[in-house]
Each structure stands twice: as C-alpha cells, then as structure tokens.
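Observations on chain architecture
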Amino acid sequence: MRLLHTSDWHLGRSFHRVSLLDAQAAYLDRLVATVREREVDVVLVAGDVYDRAVPPLTAVELFDRALHRLADAGVPTVMISGNHDSARRLGVGAGLLDRAGIHLRTDPEGCATPVVLADDHGDVAFYGLPYLEPALVKEALGADRAGHEAVLTAAMDRVRADLATRPAETRSVVLAHAFVAGGEPSDSERDITVGGVAAVPAGVFDGVDYAALGHLHGSQRVTDRVRYSGSPLAYSFSEADHRKTMWLIDLDADGGIAAEERIDCPVERPLARLRGRLDTLLEDPALDRHEHAWVEATLTDPVRPAEPMARLARRFPHTLSLVFDPERPPEDPLASYAQRLKGRDDHQIAEDFVAHVRGGSGPSDLERTVLRGAFDDVRVDETVREVSR
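On a predicted model such as this, the values are computed, not experimentally measured, just so you know.

1. Notes on empty space enclosed by the protein
The tally for this structure, following the rule as stated, stands at 1 cavity of 30 Å³ or more. As for the largest cavity, its lining consists of Y131, L132, H148, V151, L152, H177, A178 and I192. In terms of residue count, helix 6 (residues 148-164) provides more of the lining of the largest cavity than any other element does, 3 residues in total.

2. Details of the sheet that holds strand 5 (residues 77-80)
Strands in a sheet are paired, the pairing made by backbone hydrogen bonds, and the direction either parallel or antiparallel. An order of 6-5-4-1-15-16 is seen for the 6 strands of this open sheet, with the pairing classed as mixed. What marks the edges here is a single partner per strand, and that holds for strand 6 (102-105) and strand 16 (257-264). Within the sheet, the average angular offset between the axes of one strand and its neighbour, ignoring direction, is 20 degrees.

3. Comments concerning the packing of aromatic side chains
For the structure shown, the criterion picks out 3 aromatic pairs. A ring pair is formed by F15 and F237, whose centres lie 5.1 Å apart and whose planes are at 50 degrees; its orientation type is tilted. Note that F15 is positioned in strand 2 (residues 14-15) and F237 in the loop between strand 14 (226-228) and strand 15 (245-251), a separation of 222 residues in sequence. Since its relative accessible area comes to 2%, F15 is described here as buried. For F237, a relative accessible area of 3% translates into the label buried. Taking the centre distance of 5.3 Å and the plane angle of 65 degrees together, the rings of Y50 and F63 count as edge-to-face. Pair noted here: Y50 is in the loop between strand 4 (42-46) and helix 2 (57-72) and F63 is in helix 2, with a separation of 13 residues, a long-range link. You can call Y50 buried: its relative accessible area is 9%.

4. Here we look at the pairing of strand 5
In strand 5, alternate side chains face the same way, and those of T77 and M79 on one face and V78 and I80 on the other are all buried. The sheet contact formed by strand 4 and strand 5 spans 4 bridges and is parallel. Bridging across to strand 5, V43 finds its partner in T77. This β-α-β element, strand 4 to helix 2 to strand 5, shows right-handed connectivity. By the bridge criterion, 4 bridges tie strand 5 to strand 6 in an arrangement that is parallel. Among the inter-strand pairings, M79 is bridged to a residue of strand 6, identified as L104.

5. Quick look at unusual backbone geometry
With a phi close to 55 degrees, H10 is a non-glycine residue in the positive phi region. When you line up the elements, H10 lands in the loop between strand 1 (2-6) and strand 2. By relative accessible area, which is 0% here, H10 ends up buried. Although it is not a glycine, H16 sits at a positive phi angle of roughly 50 degrees. Along the polypeptide, H16 turns up in the loop between strand 2 and strand 3 (18-19).

6. Some details on the packing of helix 1 (residues 21-37) against helix 2
Direction vectors running N to C along helix 1 and helix 2 enclose 10 degrees, while the axes themselves pass 10 Å from each other. With respect to each other, helix 1 and helix 2 are oriented roughly parallel. Contacts from L21, Q24, A25, L28, D29, L31, V32, V35 and R36 in helix 1 reach T58, A59, L62, A66, R69, L70 and D72 in helix 2. For the contact of helix 1 with helix 2, the residue count by class is 10 nonpolar, 2 polar and 4 charged.

7. Regarding the pairing of strand 4
Regular strands place their side chains on alternate faces of the sheet. Across the 5 residues of strand 4, 5 count as buried, placing the element largely inside the fold. Here strand 4 shows two buried faces, one formed by V42, L44 and A46 and the other by V43 and V45. In terms of strand pairing, strand 1 meets strand 4 through 4 bridges, oriented parallel. Along strand 4, the bridge assignment pairs T6 with V45.

Cut-offs applied
Residues numbered from 1 in each chain as written. Predicted model: local features only at pLDDT ≥ 70, side-chain atom pairs only at ≥ 80, totals over all residues. Heavy atoms only, no water. 1 Å grid on protein atoms, 1.4 Å probe; cavity = no way out; pocket = protein on both sides within 12 Å on 5 of 7 lines; lining within 4 Å. Points joined across faces, edges and corners; volume = space filled by probe spheres on them. Helix = DSSP H or I, 4+ residues; strand = E, 2+ residues; numbered from the N terminus. Pairing = 2+ DSSP bridges. Axes fitted to C-alpha atoms, helices over the stretch in contact; angles between N-to-C directions. Phe/Tyr/Trp six-rings, centres within 6.5 Å; stacked < 30°, edge-to-face > 60°. Buried < 20%, exposed > 50% of the residue type's maximum accessible area, 1.4 Å probe, protein only. Right-handed = clockwise from strand over helix to strand, strands pointing away. Parallel < 35°, antiparallel > 145°, perpendicular 65-115°, else oblique. Contact = heavy atoms within 4.5 Å. Nonpolar A, V, L, I, M, F, W, Y, C, P; charged D, E, K, R; others polar.

Quick look at the structure:
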C-alpha cells in the first residue's frame, strides 16, 4: 500500500506578515498531482491543517477545494487535528466526509477506532491520534498523570488493544501530532511543554508498522518506522536549510517499508540568513544568489548604521527581518539583553529573575514547582480559550 505522508500545512499562516496563501495553494496542487501521478493509495495528514483555531475564510476555502480534489481523485485521506487546530471545528461534518473518503480524526476518545483500508495483501488499519493536550484528555484516556508521555501511552495502549482483536496479518499505521525525542525542532513550532517536558520516547509507538508524525517542521526519521514529514513550506528563518518534502512510503505484505522516497514541495522563494557588517552585505559578490530570496540580515556593525533596512532593500528587495548583533567582546556591559536570553525558555528566564532580585540565590525546589505549574496553567488556559472561541 502506497502512503503519502504529509503534515503541518498551517493554512492561513503568513511569513513575517507576507501572505503565503498562493504558496500553500501551489503546494496543494503538487500534492494532488503527486496523488494522481504516483498512484498513491492513501494520503495522511498528521495535524496542524490550519495555523490557528479560527482560520481566515481564505484558508477555509483553500482547505475545502483540496478536500474536493482529493475526493474526486478517489484516494482516501486520513487526517488528524494538531495543536494549532480547533479539534471541534475541524471535526464538524466528519461523518459526512467519511462517505467521500475523507476521514477526519479529531476526538481523542476515538483513537482506537481505525480507518480500515485493503489492498491485495489484506487490511491496513489507520489509527488517528489527534494532538493530546495532557490536562484536557488525561481523564478521558485513563492516563495515570497529565503528561505527554502518559497520555500518548494511554492512547497507544488502546490502539494496541484494538489491533490485537484483528487478524494477525493486519498491518497498522498511526498518525500522531507530538514532539518525539530524537526529532530536531525549529523556531516555528508552538511550545507544548508540560511540566518541563515536551518530548516523548519513540518507543511509545512500538507495536505498529509505521508512525506518521506531525508537529516538527523538518522532514526527518526518528527511527525507520517513526518519521516526520515536516511542513510543506518554511515558516521561520530557522528552516532556511530545510528541504521541504512529503514521504512516499510503500508498505509491503508484512508491514515493512518496501520503498521510500521524498517528494519535493514547490519553493516559491528560497530563504537566506545573512550575517556581517552592512557594507560587506551590500558589496560581497558571493551574495548575488540571494538577491531574490526572502532575507534575514544580522548586522554586526559595532555602531548601528544609518537607514540599514532601506539600504539592504536596494540589493535584497525581499528583506523581511533585520537583526542587530554588534561585534563586542563577551565582557562588554553593553552586550544585548536579547543575547543573554538566547536559547532560554520562559521558565529559565523566570528562575534567572528570581536569582537576580535575591542577589544570586535562585528559587527552591518548591518554588520551581510552583513556577512550572503557573507556566503550564497559563499555556493550557490559552489553549482552552482559543479552541472555545
């Protein structure tokens, strides 16, 4: 059975306030063309269909057209909700869409009810695990605690229990939206940390033939059977070096991977991250190849130059981001606050603040627990408010 594994469409997202709708439409054209040309048997969409819970109408229309085209191609699609989606909104009409071969899985309690498709070798059971917000699904799934590993394990226990009731030759595929240990993140994924932990071990997915993951935006293998397709477009400059692709996977009669291929997504405009003094960026002939790219320029001039954005735009008209990182010795007291915070999460910054106001004494273990709980509560509250709008 030939699978086309995709995820993280983020329909409706912009890039530094530049609309990506045309680029997203071009990607969906490529997806449908690949389905037809490569004789795909099933399309998998592992969450984050939209970029936010209440997407703009233009994004909804683009999604609607994509579903019609996939249904017209006669190829089943299995799709789950991600942490950017409103599961309830995305799941509206799921029963009717099932009849057209579009199988939406947005209810965590339905994770052990698979979409069963057959080929010449028998059945393949596709289990959809939508994004599982631990605090919201712990009770429903019977998890022993409110953490990512606990709720995913509880969901996978249900999957394995259902699979055990099926004929022994039944092959299995799980779609999940999560941060799995070993995956490489970028700057454009929304933080899903709970209790200081965001990642879950790949072993959570033991017992199934293939795990089609979404959430991380780089196409990558965690293991041979556990993979991210990545996002079809770059959504931050941290993805400048990504090769944006979809996985084309052939499952053999025993559930092994008989063949694999990365199908390239169309690139409307490449990304470039440039660094140096302004005069160097404006004069270096080696940078000619970036003149048509979206550009993030980091200026290292010791003194901020005059009109840097206007001057850069004359050579690089698609400059979208300008960062200042002056060349100074590490001990220089003028080193920027942003530089000191680089790579630190909100909880670490809060701990640093406590240590600062106390003259060097950081928070106690109990205080760290209280701080961590406060950050978790705020994130969950924001999630609940967003999806209930």
